[in-house]
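# Inside the fold
Chain by chain, the residues:
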Amino acid sequence: MIDNPVVQEYDAVVVGAGHAGCEAALALARLSVNTILFTVSVDSIAMMPCNPNIGGTSKGHLVREVDALGGEMGKNIDRTFIQSKMLNKSKGPAVHSLRAQADKKAYSDSMRTILENTENLTIRQSEVTEILVEEGALTGVKTYTGTVYKCRVCVLCTGTYLKARCITGNILSHTGPNGLQAANALSDSLKALGIELRRFKTGTPARIDGSTIDYSKMEPQYGDEKIVPFSFCNASEDLDREQAVCWLTYTNPATHEIIRENLDRSPLYSGYIQGTGPRYCPSIEDKVVRFADKNRHQVFIEPEGNYTNEMYVGGMSSSLPEDVQEKMYATVPGLENAKIVRNAYAIEYDCINSLELLPSLELKKVKGLYSAGQANGSSGYEEAAAQGLVAGINAARCLMGKEPVIIDRSQAYIGVLIDDLVTKGTNEPYRMMTSRAEYRLLLRQDNADERLTGLGHKIGLISDERYEQFQKKMSLIEEETERVKNTYVGNTEEVQKLLEQYNSTQLTSGISLAELIRRPELTYEGLAPVDKERPNLPEEVTEEVNIHLKYEGYINRQRKQVEQFHKLERKKIPAALDYSRIGNLRLEAIQKLTEVQPESVGQAARISGVSPSDISVLLVYLEQFGRENVKPLSQLDFSAESLKKE
């Protein structure tokens with residue numbers, strides 16, 4: 001018991017300095033909020049405890065959106081990548097996704113430097129053990145040493161540290177990632193506030209000594225010659241550097257046999273692991289069981305940095321005992337004599353039931369308390385950064401007395417991510433995927449600045465100078481699109497030869513360049529030889545012109561779908577509506593609507609367990625409730641004709 005606890009005061013507290021915490025703290029501080037950032041170790045700031053890469057399918061979209069709003073992740077990976085590659089280039093632009101391998105130490109050091117030199121931001125190594133609340137509102141936090149930090153808002157970015165335990169076989173250690181101190185007291189404080197917690201699990205593969213690998217048995221994986229930056233502030237030519245090589249190999253029947261023979265020793269199957277793991281990033285033993293018909297699985301050997309021999313064994317996450325890991329990895333071509341530097345392990349941790357959150361990422365039960373990242377049941381550095389940025393922005397706006405920023409599903413993958421978490425909830429670590437976005441043709445990674453830079457500027461995280469540059473780019477795109485639509489070519493010999501070169505149908509009369517670009521085999525760049533008035537424009541402009549023209553019909557169709565989506569989003573639901581008073585609503589719908597407390601009819605329609613007929617009933621109730629202000633339920637019209645009309 002501490003007789004005279006030290007008391008300090010800040011406007012905002014951020015708990016945890018992982019990818020969510022870094023973005024939340026930077027957003028708050030950059031919006032002139034006096035902020036303190038807590039971490040269990042200052043050496044773990046922006047740590048990459050799993051694969052040291054940023055981006056990937058759909059995740060690259062999130063990083064570019066974070067950058068467009070004024071976040072730091074995109075800039076930081078541009079500074080520290082050792083290999084960069086655009087994925088899915090053979091497919092349409094909606095699923096193009098940027099991915100970069102990072103030097104994990106350089107990434108962490110670079111982010112720490114940014115944090116340490118940001119005005120209004122203090123970094124403190126200490127464990128937060130208690131959330132202090134009075135009359136439903138946050139008043140501060142308390143640390144392990146008993147110090148009280150009074151604050152008006154707090155963002156929880158606890159990652160996988162809450163009551164964490166790492167597991168390899170039957171060996172258990174009560175630590176966070178990489179053997180760091182777990183946060184063992186904060187869970188109890190959250191439970192005492194009535195906040196529901198869940199137990200999730202994730203894992204990581206072994207790290208091996210690169211000098212003991214036989215690379216001749218593996219396929220080299222090279223980065224792109226032309227670098228596409230994550231940050232819209234950077235130019236491709238400024239990021240040109242020598243890139244590291246990654247490698248591809250495969251498991252085989254011998255690997256799988258060792259795993260099957262030892263499944264009884266796997267904590268996944270013995271019941272030793274109790275947390276729910278990620279469906280879309282399973283361990284190697286889970287893959288062997290679930291996909292028994294597959295005789296091999298991909299294994300990516302990826303460097304952890306420029307100044308270490310450690311290599312990440314992507315695709316072979318495991319919690320099997322150490323002796324089994326040794327045998328298992330040794331069956332993989334190229335790894336026969338490889339030496340393990342760090343064992344693979346699983347990690348269990350507490351996280352918040354995301355249905356406890358408002359779309360602003362504020363906890364429903366505690367005014368001023370926000371949560372972001374794996375603390376909300378998501379997985380991945382990128383998902384964490386996106387939530388951290390939004391939570392930081394909204395915590396700052398709360399202090400300013402402003403309405404929260406709610407990014408909807410038609411605006412960004414960030415909107416899809418947060419809406420899925422707070423509306424549908426998740427029973428397993430949530431991972432972003434392009435298939436989750438209904439409007440993915442509009443939410444491309446190339447146009448994230450077009451969608452969000454204006455919002456970032458309005459919030460105050462995008463400078464006037466950057467916004468002016470963005471506006472110039474948009475003007476160039478618009479002007480060039482119009483020029484191409486109004487530039488015509490005829491059936492001249494030069495044009496016909498070019499069309500023949502691309503196996504495109506010959507012309508019989510004049511045609512606009514825009515119509516030619518819409519042909520699947522032709523592009524804006526490909527038509528350059530016959531476009532005599534073509535201006536010299538940046539590639540980022542010509543890429544957008546090509547996409548706008550080639551997919552114009554599909555884009556316009558999706559914009560009409562968004563208009564319909566917005567109609568339901570604009571139909572607001574009164575706060576704390578008593579759904580049990582609405583006749584004809586099914587019991588399950590009443591329970592789910594009461595639990596989630598949706599803010600709009602659109603959000604209500606996305607709740608699992610709420611049917612279209614329930615939404616029709618709700619629409620009738622809101623329409624008649626709105627017209628008559630307060631109308632007895634007995635007088636509301638729930639007839640089939642009325643429901644059909646709605």
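Look up: the structure comes first, before these words.
Note that this is a predicted model, so its numbers are computed, not measured.

Bringing the environment of glutamate 196 into the picture now. Note that glutamate 196 resides in the loop between α5 (186-192) and β14 (197-204). Considered as a pair, glutamate 196 and glutamate 302 are 106 residues apart in the sequence and their alpha carbons are 38 Å apart. Once you skip the residues sitting within four places of it in the chain, glutamate 196 turns out to touch Cys351, Ile352, Asn353 and Glu356.

On to the sheet that holds strand β7 (residues 121-125). Strand order in the open sheet formed by 5 strands is β7-β3-β2-β11-β22, and the pairing between neighbours is parallel. Every interior strand has two partners, whereas the edge strands, β7 and β22 (369-371), have only one. On average, each strand axis in the sheet is inclined to that of its neighbour by 20 degrees, with strand direction left out of account. Two strands pair when backbone bridges link them, and strand β3 (residues 35-39) and β7 are joined in this way by 5 bridges, in the parallel orientation. The residue bridging threonine 39 from the neighbouring strand is glutamine 125, located in β7.

Turning to the layout of surface pockets, a few remarks are in order. What the second largest pocket holds in volume is close to 1400 Å³. For the second largest pocket, the lining is made up of 43 residues, of which Val228, Glu539, Glu540, Val541 and Glu543 are closest to its centre. Those elements giving two or more residues to the lining of the second largest pocket turn out to be α12 (448-459), α13 (464-485) and α16 (539-550). For the lining of the second largest pocket, the element with the highest residue contribution is α16, accounting for 9 residues. When its residues are assigned to classes, the lining of the second largest pocket shows 14 nonpolar, 12 polar and 17 charged.

Let's shift gears to the sheet that holds strand β9 (residues 137-143). Reading across from one edge, β1-β10-β9-β8 is the order of the 4 strands in this open sheet, with mixed pairing throughout. Edge positions in the sheet fall to β1 (7-9) and β8 (128-134), since each of these pairs with one other strand and no more. Going from strand to strand, the sheet's axes swing by 25 degrees on average, the running direction of each strand aside.

Turning our eyes to something else, we now look at the packing of aromatic side chains. By the definition in use, this model includes 5 aromatic pairs. Considering the side-chain rings of phenylalanine 38 and tyrosine 149, the 4.8 Å spacing of their centres and the 80 degrees angle between planes classify their relative orientation as edge-to-face. With a gap of 111 residues between them, phenylalanine 38 in strand β3 and tyrosine 149 in strand β10 (residues 148-150) connect regions that are remote in the sequence. Relative accessible area serves as the criterion here: at 1%, phenylalanine 38 is assigned to the buried category.

Restricting attention to buried positions, one finds in helix α9 (residues 322-330) the residues Val324, Gln325, Met328 and Tyr329. When α9 is viewed along its axis, its buried side chains cluster within an angular range of 120 degrees and face the same direction.

Looking now at the pairing of β9. For β8 and β9, the ladder comprises 6 bridges, and the chain directions are antiparallel. If you follow glutamate 134 over to β9, its bridge partner there is alanine 137. Where β8 folds back onto β9 in an antiparallel hairpin, the turn is made up of 2 residues, including glutamate 135, whose phi is positive at roughly 55 degrees.

Moving on to the packing of helix α2 (residues 59-69) against helix α11 (residues 413-424). At their nearest, the axes of α2 and α11 sit 9 Å apart, and the two run at 110 degrees to each other. When the axis of α2 is compared with that of α11, the two are roughly perpendicular. When α2 is examined against α11, the residues His61, Leu62, Glu65, Val66 and Leu69 are found in contact with a partner set consisting of Tyr413, Ile414 and Leu417. In terms of residue class, the contact of α2 with α11 is built from 6 nonpolar, 1 polar and 1 charged.

What counts as what
Residues numbered from 1 in each chain as written. Predicted model: local features only at pLDDT ≥ 70, side-chain atom pairs only at ≥ 80, totals over all residues. Heavy atoms only, no water. Helix = DSSP H or I, 4+ residues; strand = E, 2+ residues; numbered from the N terminus. Contact = heavy atoms within 4.5 Å. Pairing = 2+ DSSP bridges. Axes fitted to C-alpha atoms, helices over the stretch in contact; angles between N-to-C directions. 1 Å grid on protein atoms, 1.4 Å probe; cavity = no way out; pocket = protein on both sides within 12 Å on 5 of 7 lines; lining within 4 Å. Points joined across faces, edges and corners; volume = space filled by probe spheres on them. Nonpolar A, V, L, I, M, F, W, Y, C, P; charged D, E, K, R; others polar. Phe/Tyr/Trp six-rings, centres within 6.5 Å; stacked < 30°, edge-to-face > 60°. Buried < 20%, exposed > 50% of the residue type's maximum accessible area, 1.4 Å probe, protein only. Arc of directions from axis to C-beta. Parallel < 35°, antiparallel > 145°, perpendicular 65-115°, else oblique.

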